[in-house]
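Inside the fold
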Amino acid sequence: MKSCPVCTTEAGRRLLHSFPSGRVLVCEGCGLGIFDGPMPDSVAADIAASPTLGWIKRLVLRYEFGSFRHKKPMRILEIGAGSGELAFMLHQFGHKVTCCDAGKENTERISREYGLPVITGAIEDRVLPLNAFDAVIMRHVFEHFDDPALMTDYILGALVPGGRLVITQPNLDSWARRLAGPSWNWTLPYHRFFWTESTFVKFFEHRHCKVLRRRSLFSHLGMPLS
């Protein structure tokens, strides 16, 4: 059993839910949810959304990141850029945005359709330049990492001193998860870790990061996220 990335112990694990593909266990030391099953080789972005879902998604993106419209121009890196819609929206707000994605097909399409600079490759392959960005954004990406500590070190290295890291992801403590119980499996088997607000804050504070803002969001899938 690997050490928990939050409390760095091999404390006991209690079973939360069991699925055909694996189990979600909860670290008794800190409350982090851990999926012990195999992960897929890749997770496809929701690129070919229907017109209705695409319209809703764009509304959600403006709800989540609309405050960037009022910020001074920044050099922003979006990791796991997927469809590229968020990156292009930030570009329209006046920021210089670079997209990073492991899928070459994604980065080629983003470059072709939106004309944005791209980085192709996995973070663990050290594809990110050092001290190059004022902000890094990860939307539904961080929870997929098998080794969040190592990945965070690489990502923080891409930020200038005082840079900002903006992350959105599902909240294991959300009322939707508590009400849905084992039916709250829309993230399986694609997420390695299931973070709560407290485990997330503790993890980053251990890495000398200061939490400036936390916010609860409601996704277009009807799932409260944090």
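Everything below is about the structure shown above.
Our subject in this report is the structure included herewith. From a predicted model like this one, the values you see are computed outputs, not experimental measurements.

**Quick word on the environment of Gly103**
Here Gly103 is to be found in the loop between strand E5 (96-101) and helix H3 (104-114). Since its relative accessible area comes to 27%, Gly103 is described here as partly exposed. Sequence separation between Gly103 and Ile119 is 16 residues, and the spatial gap between their C-alpha atoms is 9.8 Å.

**Some details on the pairing of strand E8 (residues 159-168)**
Looking along a regular strand, one sees side chains alternate from face to face of the sheet. Of the pairings in the sheet, the one linking strand E7 (residues 133-139) to E8 comprises six bridges and is parallel in character. Within the sheet, the bridge partner assigned to Ala135 lies in E8 and is Arg164. In this fold, E7 hands off to helix H4 (residues 148-157), which returns the chain to E8; that crossover is right-handed.

**Comments concerning the side chain of Thr107**
By the secondary structure assignment, Thr107 is in helix H3. Classification of Thr107 as buried rests on a relative accessible area of 2%. Only 3.0 Å separates the side chain of Thr107 from the backbone oxygen of Lys104, close enough to count as a polar contact. Residues contacting Thr107, with those up to four places away along its chain left out, are Asp101, Val118, Ile119 and Thr120.

**Structural notes on the layout of surface pockets**
If you add up the space inside the second largest pocket, you get close to 1200 Å³. Along the wall of the second largest pocket there are 38 residues; nearest its centre are Leu165, Val166, Ile167, Leu212 and Arg213. Contributions of two or more residues to the lining of the second largest pocket are made by helix H1 (51-65), E7, E8 and helix H6 (197-205). In terms of residue count, E8 provides more of the lining of the second largest pocket than any other element does, nine residues in total. Considered class by class, the residues forming the lining of the second largest pocket number 19 nonpolar, nine polar and 10 charged.

Cut-offs used in this document
- Residues numbered from 1 in each chain as written.
- Predicted model: local features only at pLDDT ≥ 70, side-chain atom pairs only at ≥ 80, totals over all residues.
- Heavy atoms only, no water.
- Helix = DSSP H or I, 4+ residues; strand = E, 2+ residues; numbered from the N terminus.
- Buried < 20%, exposed > 50% of the residue type's maximum accessible area, 1.4 Å probe, protein only.
- Pairing = 2+ DSSP bridges.
- Right-handed = clockwise from strand over helix to strand, strands pointing away.
- Polar contact = N/O pair within 3.5 Å; in protein donor to acceptor, adjacent residues only side chain to side chain.
- Contact = heavy atoms within 4.5 Å.
- 1 Å grid on protein atoms, 1.4 Å probe; cavity = no way out; pocket = protein on both sides within 12 Å on 5 of 7 lines; lining within 4 Å.
- Points joined across faces, edges and corners; volume = space filled by probe spheres on them.
- Nonpolar A, V, L, I, M, F, W, Y, C, P; charged D, E, K, R; others polar.

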